[in-house]
Amino acid sequence: MQKDSSMEKYCIICREESDNFSDEHVIPDALGGYYHIYTVCKECNSDLGSSVDAKLVNHQFAEFQRYLLGLTGKSKKLPNPFSGTHHIAEDVNKKIQLRLGEDGKPTPYTITNVSYEELETEGGGTKVSICIDASDEKKLDSILEKIAKKLQVPIEQLEGIDRSVQTVEKPNIKCSLSIDLADFKIGLLKIAYEFSVDTVDGYFSDPSAIEISEILKNAKYDSVEKFVSIGSGFDHQIFDGLRDYLDFESKKHYLIIVGSQDHGLVCLVHLHGMFSVGVRLSNLPYPDSLAVIGVNDIEKKSFRKIHPEQLLQEVFAPPELRFQYYFPTEHAAQEFLDLQTSEEFGFHTTEAGHPVFDSQGNPLDSDLYSKMKESEHLVTSEALEGGGIAHTFPIQDELFIKILPTGKLVQVIAVREELRQIAKL
């Protein structure tokens, strides 16, 4: 599938021709996103912000993570994940808010409450109880004026009020949270769609891509789960197979596109500390070799795309090759062992790698890695202690390498390639 150059004239959301494109954050900037594309028209960009991104950015889990990471977004203010009205666990009538101080720490605030109780004593009367936050003490006089007016009594009768201050150390505050379990997924669908259109040649014209762009354009929340169908959005275990290679402890978001002739196109989305989900972007066949990882580094304020070859280079040390030999006699085997004790012992190599020879010492047309590739279907693999993997390639043809310093030929019957892990992405 080839990319249609005329696509560059069209908004990838409304699919209408436009010359007014704007800066679109694939991952919302309020979540620490640094992946920018310029293929969304200004009108659609605005609509996505209010009807799609907002569902993700304002989700309770996202607000908690934004608070912890100090991500303010366009408002330049920290979100308050503790917003709402709560109460003291021991007294449901004492309403509490948790407000963020200048230092960003939540501080309990008592909501003003005035209660009236008719007295049953001789002469009757009304008992008035006022509960206010200590920071609102200056407002007490105006509250008393309103009470006097309501009770139709002179303000002087209330001047003898007992103004005691109670301090509750480490109050036990009972909170209730409302968690969206569905609508936020439209934001994850948008991330996967935009990443794929920007990365995979021809995907913009895929029938599923056309349907997804319509869902995003019209904010069809009920249609999202047709595509966002791998995990609930909170199932971080869908990334378990990648934990050896991706650094989920670091402050990074990960996007992974994988193609398959049999299963189509899938994008995995992991937003640090918030959401993990798989999106089935298409059922059409895509190359099995298609694999791209997007890494959004919140601390470094960067985004980059990484292909499998680069992943190997960053995560693993250069491969170490170990050979299994065949010796026709015990004498030849002992002679080789004796040579290994020499400080000058080594293998004949060139800039291209390990040249290989036939039994007469004539160079073969193919190199060692070509011979290894011929037996890929026979490879056995095992994990290395300390991280990494080892592949053993049986050599099917008669093949020799030269050893130094003698230049003698030694027959190789298997090659073990060890890839030792040195980092996570």
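Up top is the structure.
All values reported here derive from a predicted model rather than from experimental measurement.

### So, the packing of helix α4 (residues 185-199) against helix α5 (residues 207-217)
Part 1 of the reasoning: Contact pair α4 / α5: the axes reach a minimum separation of 10 Å and the direction vectors enclose 135°. Considered as vectors, α4 and α5 are oriented oblique to each other. Considering only the axes of α4 and α5, their crossing is left-handed. Judged by residue contacts, I186, L189, K190 and Y193 of α4 engage A209, I212, S213, I215 and L216 from α5.
Part 2 of the reasoning: Per-class residue counts for the contact of α4 with α5 are seven nonpolar, one polar and one charged.

### Re the pairing of strand β17 (residues 380-383)
Part 1 of the reasoning: Note that β17 and strand β18 (residues 388-394) share four bridges and pair antiparallel. What sits directly across from E382, in β18, is A390.
Part 2 of the reasoning: Following β17, the chain reverses through four residues before pairing antiparallel with β18; G386 in that reversal takes a positive phi of roughly 90°.

### What to know about the pairing of strand β5 (residues 106-110)
Part 1 of the reasoning: Sheet topology note: the strand β4 (residues 91-100)/β5 ladder contains five bridges and is antiparallel. Bridging from a neighbouring strand, Q97 pairs with Y109 of β5.

### Structural notes on the nonpolar core
One recurring pattern in soluble globular proteins: nonpolar side chains tend to sit buried together.
Part 1 of the reasoning: In this structure, I13, L189, Y193, Y203, L216, V269 and L271 are the most contacted members of the largest nonpolar core, which totals 52 residues.
Part 2 of the reasoning: Taken together, the elements giving at least two residues each to this core come down to β2 (36-41), α1 (42-57), α4, α5, β10 (252-260), β11 (264-271) and β12 (275-282).
Part 3 of the reasoning: If you tally residues by element for this core, the top one is α4, at eight residues.
Part 4 of the reasoning: Filtering out sequence-adjacent residues up to four positions away, Y193 remains in contact with I12, I13, R15, Y203, F204, A209, I212, S213, L216 and L281.
Part 5 of the reasoning: Among the nonpolar cores identified, the runner-up in size contains 16 residues, and I256, L268, V315 and L425 belong to it.

### Topic: the layout of surface pockets
Gaps left between atoms show up when a probe the size of a water molecule is rolled over them.
Part 1 of the reasoning: For the second largest pocket, the calculated volume is near 350 Å³.
Part 2 of the reasoning: If you go around the second largest pocket, you meet 17 residues; those closest to its centre are P28, D29, G49, D53 and K74.
Part 3 of the reasoning: Elements with a contribution of two residues or more to the lining of the second largest pocket: β1 (21-25) and α1.
Part 4 of the reasoning: Looking at which element gives the most residues to the lining of the second largest pocket, the answer is α1, with five residues.
Part 5 of the reasoning: Here the lining of the second largest pocket is built from residues that sort into four nonpolar, seven polar and six charged.

### Re the pattern of salt bridges
Part 1 of the reasoning: This model, assessed by the stated rule, comprises 21 salt bridges.
Part 2 of the reasoning: For R322, the salt bridge is made with E418, and the minimal N-O distance between the two is 3.2 Å. Of this pair, R322 sits in strand β15 (residues 320-326) while E418 sits in strand β20 (residues 409-420), and the two are 96 residues apart along the sequence.
Part 3 of the reasoning: On the accessibility criterion, E418 (5% relative accessible area) is buried.
Part 4 of the reasoning: E335 is the salt-bridge partner of K408, the closest N and O atoms lying 2.3 Å from each other. Highlighted residues: K408 in the loop between β19 (400-404) and β20 and E335 in helix α7 (residues 330-340), separated in sequence by 73 residues.
Part 5 of the reasoning: One continuous salt-bridge network, built from bridges that share partners, spans E320, R322, E382, R416, E418 and R420.

### Some thoughts on the sheet that holds β11
Part 1 of the reasoning: Reading across from one edge, β9-β12-β11-β10-β13-β14 is the order of the six strands in this open sheet, with antiparallel pairing throughout. In this open sheet, the two edge strands, each paired with only one partner strand, are β9 (228-233) and β14 (302-306). Geometrically, the sheet is characterised by an average inter-axis angle of 10° between neighbouring strands, direction not taken into account.
Part 2 of the reasoning: Bridging between β11 and β12 involves seven bridges; their strand directions are antiparallel. Opposite C267, over in β12, you have V279 as the bridge partner.

### As for the state of the cysteines
Joining two cysteines, a disulfide is a covalent bond between their sulfur atoms.
Part 1 of the reasoning: Considering all chains together, one arrives at zero disulfides under this definition.
Part 2 of the reasoning: In this model C131 remains outside any disulfide bridge; the closest cysteine sulfur is found in C175, 17 Å from its own.
Part 3 of the reasoning: On the basis of relative accessible area, C131 is assigned to the partly exposed category, the value being 25%.

### Points about the packing of aromatic side chains
Part 1 of the reasoning: The final tally for this structure, using the stated rule, is 20 aromatic pairs.
Part 2 of the reasoning: Each ring, one from F64 and one from F82, has its centre 5.6 Å from the other, and the planes form 80°; the classification is edge-to-face. Placement of F64 in helix α2 (residues 60-69) and of F82 in the loop between α2 and β3 (86-88) is noted, with a sequence separation of 18 residues between them.
Part 3 of the reasoning: Look at F323 and Y325: their rings are 6.3 Å apart centre to centre, the planes differ by 50°, and that puts the pair in the tilted class. Residue F323 shares its accessibility class with Y325, and that shared class is buried.
Part 4 of the reasoning: A network of ring pairs unites the aromatic residues F323, Y325, F327, F336, F345 and F347 as a single cluster.
Part 5 of the reasoning: Its end group placed over the ring of Y221, K55 keeps NZ or CZ at 5.2 Å from the ring centre.
Part 6 of the reasoning: Lying over the aromatic face of F248, R243 brings its terminal NZ or CZ to 4.8 Å of the ring centre.

### Here we look at the environment of V356
Part 1 of the reasoning: The residue V356 is located in the loop between β16 (346-347) and α8 (368-374) in this model.
Part 2 of the reasoning: Excluding residues that lie within four positions of it along the chain, V356 makes contacts with N362, P363, L364, S366, D367, L368, L399, F400 and I401.

### A look at the sheet that holds β3
Part 1 of the reasoning: Taking strand neighbours across the sheet as the criterion, the four strands line up as β5-β4-β3-β8 in an open arrangement whose pairing is antiparallel. With partners counted over all chains shown, the strands left at the sheet margins are β5 and β8 (173-174), one partner each.
Part 2 of the reasoning: Sheet topology places β3 next to β4; three bridges connect them, and they run antiparallel. Across the sheet, the residue bridging to H86 is I96, located in β4.

How each quantity is defined
Position numbers for residues start from 1 in each chain and track the written sequence from start to end. pLDDT decides what is reported in this predicted model: residues at 70 or higher carry local features, side-chain atom pairs at 80 or more are listed and counted, and totals for whole chains, interfaces and linings draw on all residues regardless. Heavy atoms from the whole structure form the basis of all side-chain values; hydrogens and water molecules are not counted. Axes here mean lines fitted to C-alpha atoms, for a helix over just the part in contact, with angles spanning 0 to 180 degrees between N-to-C directions. The numbering of helices and of strands both runs from the N terminus, where a helix is a DSSP run of H or I of at least 4 residues and a strand a run of E of at least 2. Every angle not falling under 35 degrees, over 145, or within 65 to 115 is termed oblique; those three ranges are roughly parallel, roughly antiparallel and roughly perpendicular. Each crossing gets its hand from how the near helix is turned against the far one by less than a right angle, where anticlockwise is left-handed and clockwise is right-handed. Whether two residues are in contact is decided by their heavy atoms, any of which lying within 4.5 Å being enough. We call Asp, Glu, Lys and Arg charged. Ala, Val, Leu, Ile, Met, Phe, Trp, Tyr, Cys and Pro are nonpolar, and the rest, Gly among them, are polar. In this analysis, strands are considered paired if DSSP registers two or more bridges between them. We define the nonpolar core as a collection of buried residues of types Ala, Val, Leu, Ile, Met, Phe, Trp, Tyr and Cys that are connected through side-chain atoms lying within 4.5 Å of one another. Exposure categories follow from relative accessible area, calculated using a 1.4 Å probe and restricted to protein chains: below 20% of the type maximum is buried, above 50% is exposed, and the middle band is partly exposed. Definitions used for this entry: grid spacing 1 Å over protein atoms alone; cavity, a set of points where a 1.4 Å probe fits but cannot get out; pocket, an open set with protein on both sides within 12 Å along at least 5 of 7 lines; lining residue, one with an atom within 4 Å of a point. Grid points are joined across faces, edges and corners, and a volume is the space filled by probe spheres set on the points. The rule for a salt bridge is simple: a side-chain nitrogen of Lys or Arg has to be within 4 Å of a carboxyl oxygen of Asp or Glu. Whenever a pair of cysteine sulfur atoms sits within 2.5 Å, that pair is classed as a disulfide. Only centres within 6.5 Å qualify two rings of Phe, Tyr or Trp (six-membered ring in Trp) as a pair; their planes then separate them into stacked at under 30 degrees, edge-to-face at over 60, and tilted for everything else. We call a charge positioned above a ring when the Lys NZ or Arg CZ atom is no farther than 6 Å from the ring centre and deviates by at most 35 degrees from the ring normal.

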